[in-house]
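Tertiary structure, described
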Amino acid sequence: MEDERSRSLLQLMVNEGLLPSPDEVEKRKNVIEKLKNMVMAWVKRVAWQRRLPKQEIASTSATILTYGSYGLGVHSSESDIDALCVAPFFATMAEDFFIVLYNMLKSRPEVSEIHCVKDAKVPMMRFKFDGISIDLPYAQLNVLAVPENLDTFNPFYLRGIDETGWKSLSGVRANKRICQLVPNLEKFQSMLRCVKLWANRRGVYGTLNGFLGGVHLAILAAFVCQSDPNASLSALISNFFKTFAFWPWPTPVVLQDGMFQPTVNPTETRLFMPIRLPCSPYEYCHSNITKSTFYKIRAEFLRGHNLTKDLLKSNFDWHDILEPFPYTKKYTGFVKILLSASKPDELGDWVGWVKSRFRCLLLKLEEVQGLCDPNPAEYIDVDVAEPHVIFYWGLQPGKSNVIDIESVEDVFWTNISNGYQGFLGRMELSIMQASQLPKYSESDTLRRKGTKACWKMTDYNHQRIPIYSQHFPNYIVGYVATNGDPEYPSSGC
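Residues numbered from 1 in each chain as written. Predicted model: local features only at pLDDT ≥ 70, side-chain atom pairs only at ≥ 80, totals over all residues. Heavy atoms only, no water.

Moving on to the overall build of the protein. For the protein, the count of helices and strands is 16 helices and twelve strands. Expressed as a percentage of the 493 residues in the protein, the buried residues total 53%. A separation of at least 24 residues holds for 70% of the contacts in the protein among residues at least 6 apart in sequence. Carbon together with sulfur atoms contributes 51% to the accessible area of the protein, which is approximately 22100 Å² in total. (Helix = DSSP H or I, 4+ residues; strand = E, 2+ residues; numbered from the N terminus. Buried < 20%, exposed > 50% of the residue type's maximum accessible area, 1.4 Å probe, protein only. Contact = heavy atoms within 4.5 Å. Areas by Shrake-Rupley, 256 points an atom, 1.4 Å probe, with all protein chains shown as cover.)

Written out as structure tokens, the structure is:
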């Protein structure tokens, strides 16, 4: 019967479209191969700019390493690709990566919607390549040649690396260790696909909203796989919910790893749900979890346990665990967050920026009201003319029956309007009762894709001053507008 439950779960994964088709797999491989060829051509060009000796130009190299859902082998047909560009000592981030490589990418017909994300914790470029979304951070190593299949745990390549490069490499390193530490990679991958689907359906997926991210779920799933190496897929899912429904937080979750002795950082134990990265003895997953989202995640773990503790009962159905969270039945009041922009191509940048500041809004609402459930789903109202996105966050009955939403809006507006590099959009907060919500908000199916935290560097149609390479005086790498803002040519190299 347990094997039958596992087979039915695998079939559900197929039915839900969690497995990419062979053509989709091949398309992603081709995209990665093209990116590798591009960065090789780029690094040769940069070496030439630096006037390196001919033999060094011939031997220098850069590469692309994948991580995230693609690197773990759990991507779907709609997943983006997390790809790290790793280059030698002479290729700088500010000039060579964000200007020279940017221009090379932008000039390619396969590339669209390219953004520079410079002020993030991990700076990167974001773009679409043949229609597939790519996140491309950067790491600079103190070597002349970066091997195609770089060993990110080899200390030879890590010597003297700066903090930004270390953060960029941590995702690749964590992925590699997870794959090495799980007893059965195929079972782990199937389990993680199911767990991510559950987290999405139940509204507990997404770090920007204070919930669990992909790396959090990967480590939790790997922990359960290590705890019972011979368990079936269905048993692993059941053990997952049982383990974390009763986990003694803030005790950190730490994978069994012979490389590092378990250590506990006192700072991390003050987090709600500390989860250690398996690539070093002191790094923990970045977390935006607050009091509200912690209670929601724990409640969903407990619900999952109650539904899976008896896999052999006759009326057991995996669809019960994956039922979408019933926001309008759970909450009587909601905060409506309306984000809009004048032009469609400005909306994605604006929404991404505001979402990256959602934790500030969530903490303010907790302060004035109590518990809040920040539904990650994004909605569109057909009656609103300008480009927009709407969020509905559930409110638990709390400290006051009346929220001064205008003061909350003022505080949040001050937060989001400082530091934004693009055209400021609009943000409106209002309180709504469940009975006032439009019908579309009762479903989680109108999710809007592609609004990650990023913003564009815009080309302006006015006089520009050329930026010359610091290392090759006659080589123009970009422009500065007459107002001092950086600009980048729309094509060329």
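Summarising burial for strand β8 (residues 388-395): eight of the eight residues are buried, a large majority. Pairing of strand β6 (residues 333-340) with β8, which is carried by eight bridges, proceeds in the antiparallel orientation. From the neighbouring strand, Leu 338 faces β8, where its bridge partner is Ile 390. Taken together, the two bridges between strand β7 (residues 372-373) and β8 define a ladder with antiparallel strand orientation. Bridge pairing links Asp 373 to Gly 394 in β8. (Pairing = 2+ DSSP bridges.)

With that out of the way, let us pick up the sheet that holds strand β2 (residues 81-87). Across the sheet, which stays open at both edges, the five strands sit in the order β1-β2-β5-β4-β3 with mixed pairing between neighbours. Each edge of the sheet is formed by a strand with only one pairing partner; in this case those strands are β1 (63-67) and β3 (111-117). Shown here is a sheet whose adjacent strand axes are inclined to one another by a mean of 25 degrees, direction ignored. As paired elements, β3 and strand β4 (residues 124-129) share five bridges and run antiparallel to each other. Paired with Val 117 across the bridge in β4 is Met 124. Where helix α7 (residues 163-181) meets the sheet, its contacts fall on β1, β2 and β5 (132-140), and the angle it forms with β5 comes to roughly 120 degrees. (Axes fitted to C-alpha atoms, helices over the stretch in contact; angles between N-to-C directions.)

Okay, the environment of Phe 90 next. Relative to the helices and strands, Phe 90 is located in the loop between β2 and α5 (93-106). In this structure, the C-alpha to C-alpha distance between Phe 90 and Val 143, residues 53 residues apart in sequence, is 8.8 Å. Those residues in contact with Phe 90, other than ones at most four positions away along the chain, are Val 43, Val 46, Ala 47, Arg 50, Leu 52, Thr 60, Asp 96, Gln 140 and Leu 144.

What follows concerns the nonpolar core. Counting residues in hydrophobic clusters, the biggest one holds 58 residues, and the most contacted among them are Ile 178, Phe 188, Met 191, Trp 198, Phe 240, Phe 244 and Phe 301. Those elements that place two or more of their residues in this core are α1 (2-15), α7, α8 (185-201), α9 (214-227), α10 (233-245), α11 (291-308) and α12 (318-321). For this core, the element with the most residues is α9, which contributes nine residues. Residues within four places of Trp 198 in sequence aside, it is in contact with Val 204, Phe 240, Phe 241, Glu 300, Phe 301, Ile 321 and Leu 322. Core analysis: the next-biggest nonpolar cluster, separate from the first, contains 38 residues, Met 38, Phe 97, Tyr 102 and Val 111 among them. (Core = buried A, V, L, I, M, F, W, Y, C linked by side-chain atoms within 4.5 Å.)

A few words now on the sheet that holds β6. If you trace the four strands from one edge of the open sheet to the other, you get β7-β8-β6-β9, paired in antiparallel fashion. Single-partner strands in this sheet number two, and they are β7 and β9 (426-433). Against the sheet, helix α14 (residues 344-355) touches β6, β8 and β9, its axis set at about 140 degrees to β6.

Glancing now at the pattern of salt bridges. A full pass over the atoms with the stated rule returns 17 salt bridges. Close ionic contact of Lys 296 with Asp 373 constitutes a salt bridge, the shortest N to O distance being 2.9 Å. A residue pair is termed long-range when its members are at least 10 positions apart, and Lys 296 in helix α11 and Asp 373 in strand β7 qualify at 77 residues. When salt bridges that share partners are traced, they join Lys 34, Arg 108, Glu 110 and Asp 130 into one network. (Salt bridge = Lys/Arg side-chain N within 4 Å of Asp/Glu carboxyl O.)

Turning to the side chain of Arg 303, a few remarks are in order. Following the sequence through the fold, Arg 303 ends up in helix α11. With no salt bridge to any partner, buried Arg 303 finds its closest opposite charge in Glu 323, at an N-O distance of 4.1 Å. Dropping the residues within four chain positions of it, Arg 303 is found in contact with Arg 202, Asp 320, Ile 321 and Glu 323. (Lys, Arg positive; Asp, Glu negative; His and termini not counted.)

Right, let's talk about the packing of aromatic side chains for a bit. Within the structure shown, the criterion is met by 29 aromatic pairs. Ring centres of Phe 244 and Trp 247 lie 5.8 Å apart, and the angle between their planes is 45 degrees; this geometry places the pair in the tilted category. The two residues Phe 244 and Trp 247 agree in class, both being buried. On the basis of an interplanar angle of 35 degrees and a centroid distance of 6.3 Å, the ring pair of Phe 325 and Tyr 331 is categorised as tilted. (Phe/Tyr/Trp six-rings, centres within 6.5 Å; stacked < 30°, edge-to-face > 60°.)

Let's shift gears to the packing of helix α15 (residues 358-368) against helix α16 (residues 405-417). Angle between the axes and distance between the axes are the two parameters that describe a pair of packed helices. As a packed pair, α15 and α16 sit with axes 10 Å apart at the nearest point and diverge in direction by 155 degrees. Considering the angle they form, α15 stands roughly antiparallel to α16. Here α15 and α16 pass one another in a crossing that is right-handed. Seen from α15, the contacting residues are Phe 358, Cys 360, Leu 361, Lys 364, Leu 365 and Val 368; seen from α16, they are Val 408, Val 411, Phe 412 and Asn 415. Tallied by class, residues from the contact of α15 with α16 come to eight nonpolar, one polar and one charged. (Parallel < 35°, antiparallel > 145°, perpendicular 65-115°, else oblique. Left-handed = near helix turned anticlockwise from the far one by under 90°. Nonpolar A, V, L, I, M, F, W, Y, C, P; charged D, E, K, R; others polar.)

Attention now moves to the pairing of β6. Taking burial as the measure, the eight residues of β6 include eight buried ones, the bulk of the element. Here β6 shows a buried face lined by Gly 333, Val 335, Ile 337 and Leu 339 and a second buried face lined by Phe 334, Lys 336, Leu 338 and Ser 340. Two strands pair when backbone bridges link them, and β6 and β9 are joined in this way by eight bridges, in the antiparallel orientation. When the bridges of β9 are listed, Gly 333 appears paired with Gln 433.

Here we come to unusual backbone geometry. For the bond from Trp 249 to Pro 250, the omega torsion is 10 degrees, close enough to zero to count as cis. Position of Pro 250 relative to the elements: it lies in the loop between α10 and α11. Even without a glycine there, the phi angle at Arg 51 is positive, about 60 degrees. Of note, Arg 51 is situated in the loop between α2 (22-49) and α3 (54-59). Residue class for Arg 51 comes out exposed when judged on its relative accessible area of 58%. Positioned with a positive phi, Asp 130 is a non-glycine residue whose angle comes to about 55 degrees. Inspection of the secondary structure assignment puts Asp 130 in the loop between β4 and β5.

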